[in-house]
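Coordinates in review
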2 protein chains.
Amino acid sequence: MKMLKGLLSVLLVLVTLSSVMGKPDTTTPKKEKRIPQTLSRGWGDQLIWAQTYEEALFWSRSKNKPLMVIFHLEDCPHSQALKKAFAEDKVIQTLADEEFVILNLVYETTDKHLSPDGQYVPRILFVDPSMTVRADITGRYSNRLYAYEPADMKLLLSNMQRALKFLKTEL
Amino acid sequence: MKMLKGLLSVLLVLVTLSSVMGKPDTTTPKKEKRIPQTLSRGWGDQLIWAQTYEEALFWSRSKNKPLMVIFHLEDCPHSQALKKAFAEDKVIQTLADEEFVILNLVYETTDKHLSPDGQYVPRILFVDPSMTVRADITGRYSNRLYAYEPADMKLLLSNMQRALKFLKTEL
């Protein structure tokens with residue numbers, strides 16, 4: 001616990017330092033201005049993101065749209081590379097916008113179904129509007145079934161299209 | 001190690017956010033440009049918000065800071081009025097920034113402890129770093145114990161100060 005705290009304080013120094021770059025804020029003399037955090041975190045600023053898994057599941061059921069959950073980390077180069085490819089792929093962005101409920105998380109949920117083969121990043125899981133995790137929709141890598149790389153955008157697109165064929169229709 | 005990495009990433013998110021944001025998007029001709037959603041939702045753009053309850057609990061334990069959870073709705077005039085008062089109160093903003101882990105939610109969690117007397121908005125609950133919901137810290141209204149109005153900022157401030165006296169210290 002002590003180590004965690006030490007680490008935290010070191011990193012919070014970094015957080016504070018990073019805000020030094022922003023414009024000076026005339027209302028809070030003690031601090032520099034921070035740029036507000038976004039829900040998209042760079043995965044598509046023009047898309048509408050759910051904030052939490054509970055919210056995403058509710059939207060998925062209500063709208064009868066599949067849910068796409070992206071687990072990533074800001075300090076993971078694989079996550080960053082995938083994010084760039086994902087954000088720049090217009091077909092995927094449009095399909096995500098129109099046909100999916102989307103959620104990106106940097107922190108694991110308590111639902112074990114979202115980590116069928118472990119907690120690693122980046123990984124992408126689809127959840128059916130019936131609230132079933134589509135563990136059958138996998139990427140290219142047998143050791144990390146839900147991992148994608150920037151070169152896998154076509155596979156990801158085809159997996160999104162698979163996810164649109166629901167396991168159970170609620171009609 | 002997973003926890004450490006998770007922690008690192010959460011904090012590095014904050015460090016790197018500035019690079020993620022801001023650039024105008026010229027790539028989506030079909031739609032009007034949307035303003036990226038923020039985690040603050042207007043409750044304090046200069047504060048650092050947790051995204052999910054799980055994340056907030058983790059930060060609270062790690063930093064040994066109490067957690068303040070604000071439940072609200074965008075189309076609720078009482079929520080909007082409280083938000084304005086909260087965001088404009090410099091003392092509360094500074095105290096929240098320096099001494100609390102903060103989370104605002106427009107969707108309920110699965111944790112019933114966060115709705116001791118029902119699910120309504122706006123309501124504010126405090127959670128101890130020992131992960132105990134401080135149901136003893138209440139507002140002015142006996143029928144909705146955790147509701148606050150814009151006129152209640154002094155009471156909210158004093159409740160924040162109460163929350164800083166932890167139930168159990170981890171020293």
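Relevant structure appears above.
The structure reproduced in this document is the subject of the present report. (Residues numbered from 1 in each chain as written. Chains lettered and ligands numbered in written order. Predicted model: local features only at pLDDT ≥ 70, side-chain atom pairs only at ≥ 80, totals over all residues. Heavy atoms only, no water.)

What follows covers the packing of helix α4 (residues 90-99) of chain B against helix α5 (residues 153-163) of chain B. Residues and elements named next belong to chain B. One way to put it is that α4 packs onto α5 with a least axis distance of 10 Å and a crossing angle of 20°. Considered as vectors, α4 and α5 are oriented roughly parallel to each other. The crossing of α4 and α5 is left-handed. Taking contact as the criterion, the partners of Val91, Ile92, Leu95 and Ala96 in α4 are, on α5, Met153, Leu156, Leu157, Met160 and Gln161. (Axes fitted to C-alpha atoms, helices over the stretch in contact; angles between N-to-C directions. Helix = DSSP H or I, 4+ residues; strand = E, 2+ residues; numbered from the N terminus. Parallel < 35°, antiparallel > 145°, perpendicular 65-115°, else oblique. Left-handed = near helix turned anticlockwise from the far one by under 90°. Contact = heavy atoms within 4.5 Å.)

With the rule as written, the count across this model stands at 6 aromatic pairs over all chains. Judged by centre distance (5.2 Å) and plane angle (40°), the ring pair of Tyr107(A) and Phe58(B) falls under tilted. Pair noted here: Tyr107(A) is in the loop between β2 (101-105) and β3 (123-127) and Phe58(B) is in helix α2 (residues 53-63), and the two residues belong to different chains. For the pair shown, Tyr107(A) and Phe58(B) are each scored as buried. Here the basic side chain of Arg123(A) rests over the ring of Phe71(A), its NZ or CZ set 3.9 Å away from the ring centre. Its guanidinium or amino end placed over the ring of Tyr120(A), Arg123(A) lies 5.8 Å from that ring's centre, counting from NZ or CZ. (Phe/Tyr/Trp six-rings, centres within 6.5 Å; stacked < 30°, edge-to-face > 60°. Buried < 20%, exposed > 50% of the residue type's maximum accessible area, 1.4 Å probe, protein only. Lys NZ or Arg CZ within 6 Å of the ring centre and 35° of its normal.)

The next thing to look at is the sheet that holds strand β1 (residues 67-71) of chain B. Residues and elements named next belong to chain B. Here we have 3 strands laid out as an open sheet, ordered β2-β1-β3, and mixed in their pairing. Two strands lie at the open edges of the sheet, namely β2 (101-105) and β3 (123-127), each paired on one side alone. Between one strand and the next, the sheet's axes are offset by a mean angle of 20°, whatever the strand orientation. Looking at chain direction, β1 and β3 are connected through 5 bridges and run antiparallel. Opposite methionine 68, over in β3, you have phenylalanine 126 as the bridge partner. The strands touched by α2 within the sheet are β1, β2 and β3, with β2 carrying the most contacts at an inclination of about 170°. (Pairing = 2+ DSSP bridges.)

All names here are of chain A. Those residues of helix α4 (residues 90-99) not exposed but buried are Ile92, Gln93, Leu95, Ala96 and Asp97. If you follow the buried residues of α4, they end up packed against β1 (67-71), α3 (77-88), β2 and α5 (153-163). Of the residues flanking the start of α4, the one acting as N-cap is aspartate 89, its side-chain oxygen 3.2 Å from the backbone nitrogen of valine 91. (Polar contact = N/O pair within 3.5 Å; in protein donor to acceptor, adjacent residues only side chain to side chain.)

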